Amino acid sequence: MTQPNGQPPTLHRPGLDGRLPVAVIGAGPVGLAAAAHLLQRGLDPLVLEAGEVGAGVQGWAHVRVFSPWQHNLDAAATRLLTRSRWVPPDPGGYPTGAELRERYLLPLAATPELAPRLRLGTRVLAITRHGRDKMKDGGREQAPFEVVVESGGRQERLLAGAVVDAGGTVGTPNPLGASGIPAPGEAALAADGCLAYGVADVLAQPGRYAGRRVLVVGSGHSAMQVLGDLVRLREQAPGTEVTWAVRRAQTAGVYRVDGDDPLPARAALGAGVERLVAAGAVRLVTGVEVEELRPIADGILVAHPGGLLGPVDQVVAATGFRPDLAALGELRLGLDPAVEAPAALAPLIDPNTHSCNTVPPHGALELAHPEPGFYLAGMKSYGRAPTFLMLTGYEQVRSIAAALAGDLEAARRVELTLPAGGACSTDRGAADASCTVGEPAGAGAAACCGPEVVPLGERPAGTAMAR
């Protein structure tokens, strides 16, 4: 691997104290919490972020979460912030993604303890053992990790004593194709600007959606968020047509409304969409397993086993995300073949059998791989499972930091008690995505996560859903 000028990348070795840092990938909520816990343990984190602080959160900045501030803050991070005279938000308030980033993540990254240990605009290209490919056993555990990064067009090789990959999954959305791969025509439409992934901020892009025929695919709260925003947009652009496609064959449970839901905002979102469908503001189509996206002169046709849907002008794929494992090819990982989560964690979170408020707190033991010193954390540790809770991520990195510091008793100890509540169905099927940015394509049964919900929720105050 060489630089554009033909020179090999720089190899950065330990600092003057001789210690190797712990490389933390990602400057989101869990990545920064990991750095705070490592510092608390006397370890030296080096946070590598491809974009800006909270770049993933920026993707859903317009969305208000379902859980209050008190359930979105990490304890070690809060201690760092308190030293910097940080003014905490109202613990009972519900932040938007933008507020979470501006009032928590940015001040945390700016603390004197974390700021010098943060490298933004630094993309991780590969992680391996220095001088050891995947096949080499001799001296493997003693060899430091080698992290190849790119920043400003220049590549570097960094040495690290351990790696915590909290890079998230928002950069790798699930495709629309029902078979788990992009449907024919999907890539071309995305390149042409006719297809958006995730919780698209349609109100911020009226030129793209106003007065157009818009299809939203996905059966979780992410899709519902977009549907409500499209109906609001239609108040200014009456020609806007809104169609909602879900994979399930029946409408039963599609709105995910539960009178006992401990999160009223979540229940209200589903109830609001149900009213929109009943009033004809949103057209609901069931049994849609996307096979092909077919451009025609009058728009886009969506082929599925039941026939053709459309034509439409724009498609929003609110179909969830999956981990990007490309940089980890030379590491010895122990991943479940289906969930793509650590093998010991996968049975606890598998959405085919999991009722989401039954996920126990877990840490370094469940997250360990055959490659000692390497951990996946946060949403990335959940692989393709959509039921991640932010507080669970904080507990993960607390335990990991303890393990890396040699405090195995603390690493095994559970220090997280999730708030009581949660309303899960007893139906089997893929869980919904109210705890993540998105939902797996074709999710089956209505399910829930606990009160700690990462990014889906109502619009900020003043933009209530049309009734």
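Thresholds, definitions, all that
Residues numbered from 1 in each chain as written. Predicted model: local features only at pLDDT ≥ 70, side-chain atom pairs only at ≥ 80, totals over all residues. Heavy atoms only, no water. Pairing = 2+ DSSP bridges. Helix = DSSP H or I, 4+ residues; strand = E, 2+ residues; numbered from the N terminus. Axes fitted to C-alpha atoms, helices over the stretch in contact; angles between N-to-C directions. Contact = heavy atoms within 4.5 Å. 1 Å grid on protein atoms, 1.4 Å probe; cavity = no way out; pocket = protein on both sides within 12 Å on 5 of 7 lines; lining within 4 Å. Points joined across faces, edges and corners; volume = space filled by probe spheres on them. Nonpolar A, V, L, I, M, F, W, Y, C, P; charged D, E, K, R; others polar. Buried < 20%, exposed > 50% of the residue type's maximum accessible area, 1.4 Å probe, protein only. Phe/Tyr/Trp six-rings, centres within 6.5 Å; stacked < 30°, edge-to-face > 60°. Lys NZ or Arg CZ within 6 Å of the ring centre and 35° of its normal. Parallel < 35°, antiparallel > 145°, perpendicular 65-115°, else oblique.

1. Remarks on the sheet that holds strand β12 (residues 283-285)
Two orientations exist for strands paired in a sheet by backbone hydrogen bonds: parallel and antiparallel.
Next up, step 1: With respect to topology, five strands assemble into an open sheet ordered β9-β16-β10-β11-β12, the strand pairing being parallel. At either margin of the open sheet sits one strand with a lone partner, and together these are β9 (195-197) and β12. Pairwise comparison of adjacent strand axes, ignoring direction, gives a mean angle of 20 degrees for this sheet.
Next up, step 2: Relative to strand β16 (residues 314-317), β9 is paired through three bridges, and the arrangement is parallel. Directly across from Ala 196, in β16, lies its bridge partner Val 316.
Next up, step 3: In this fold helix α7 (residues 221-236) packs onto β10 (213-217), β11 (241-245) and β16, with an angle of close to 165 degrees to the strand it touches most, β11.

2. Thoughts on the layout of surface pockets
Over the atoms rolls a probe the size of a water molecule, and in doing so it shows where empty space is left.
Next up, step 1: Here the largest pocket is characterised by a volume of approximately 880 Å³.
Next up, step 2: Every residue lining the largest pocket is counted, 39 residues in all, and those nearest its centre are Ala 166, Gly 167, Gly 168, Thr 169 and Val 170.
Next up, step 3: Among the elements of the structure, α1 (29-40), α2 (55-58) and β5 (123-129) are those that each provide at least two residues to the lining of the largest pocket.
Next up, step 4: Partitioning the lining of the largest pocket into residue classes produces 21 nonpolar, 13 polar and five charged.

3. Description of the side chain of Thr 243
Next up, step 1: Summarising the element assignment, Thr 243 is placed in strand β11.
Next up, step 2: Looking at Thr 243, the relative accessible area reads 11%, which means it is buried.
Next up, step 3: Excluding residues that lie within four positions of it along the chain, Thr 243 makes contacts with Val 214, Leu 215, Val 216, Leu 227, Arg 283, Val 285 and Leu 309.

4. What to know about the environment of Ala 385
Next up, step 1: Relative to the elements of secondary structure, Ala 385 occurs in the loop between β17 (374-376) and α11 (390-404).
Next up, step 2: Among all residues touching Ala 385, those that are not within four sequence positions of it are Val 339, Ile 349 and Pro 351.

5. Describing the packing of aromatic side chains
Next up, step 1: Taken as a whole, this structure holds one aromatic pair when the rule is applied.
Next up, step 2: Taken together, a centroid distance of 5.4 Å and an interplanar angle of 80 degrees make the contact between Tyr 382 and Phe 388 edge-to-face. The residues Tyr 382 and Phe 388 share a single accessibility class, namely buried.
Next up, step 3: Positioned above the aromatic ring of Phe 145, the side-chain terminus of Arg 129 is 3.9 Å from the ring centre.

6. Digging into the packing of α1 against helix α3 (residues 75-83)
When two helices pack together, their arrangement is captured by the angle between the axes and the distance separating the axes.
Next up, step 1: One way to put it is that α1 packs onto α3 with a least axis distance of 8 Å and a crossing angle of 75 degrees. Taken together, the axis directions place α1 and α3 in an arrangement best described as roughly perpendicular. The residues of α3 that touch α1, namely those facing Ala 36, His 37, Leu 39 and Gln 40, are Ala 76, Ala 77, Arg 79 and Leu 80.
Next up, step 2: Of the residues belonging to the contact of α1 with α3, the class tally is five nonpolar, two polar and one charged.

7. Brief notes about unusual backbone geometry
Next up, step 1: Omega for the peptide link from Gly 310 to Pro 311 comes to 5 degrees, which places this bond in the cis form.
Next up, step 2: By secondary structure assignment, the location of Pro 311 is in strand β15 (residues 307-312).
Next up, step 3: Although it is not a glycine, Arg 85 sits at a positive phi angle of roughly 60 degrees.
Next up, step 4: Mapped onto the fold, Arg 85 is located in the loop between α3 and α4 (97-109).
Next up, step 5: Judged by its relative accessible area of 79%, Arg 85 is exposed.
Next up, step 6: We note that Glu 340 has phi near 60 degrees; this positive angle belongs to a residue other than glycine.
Next up, step 7: Here Glu 340 is to be found in the loop between β16 and α9 (346-349).

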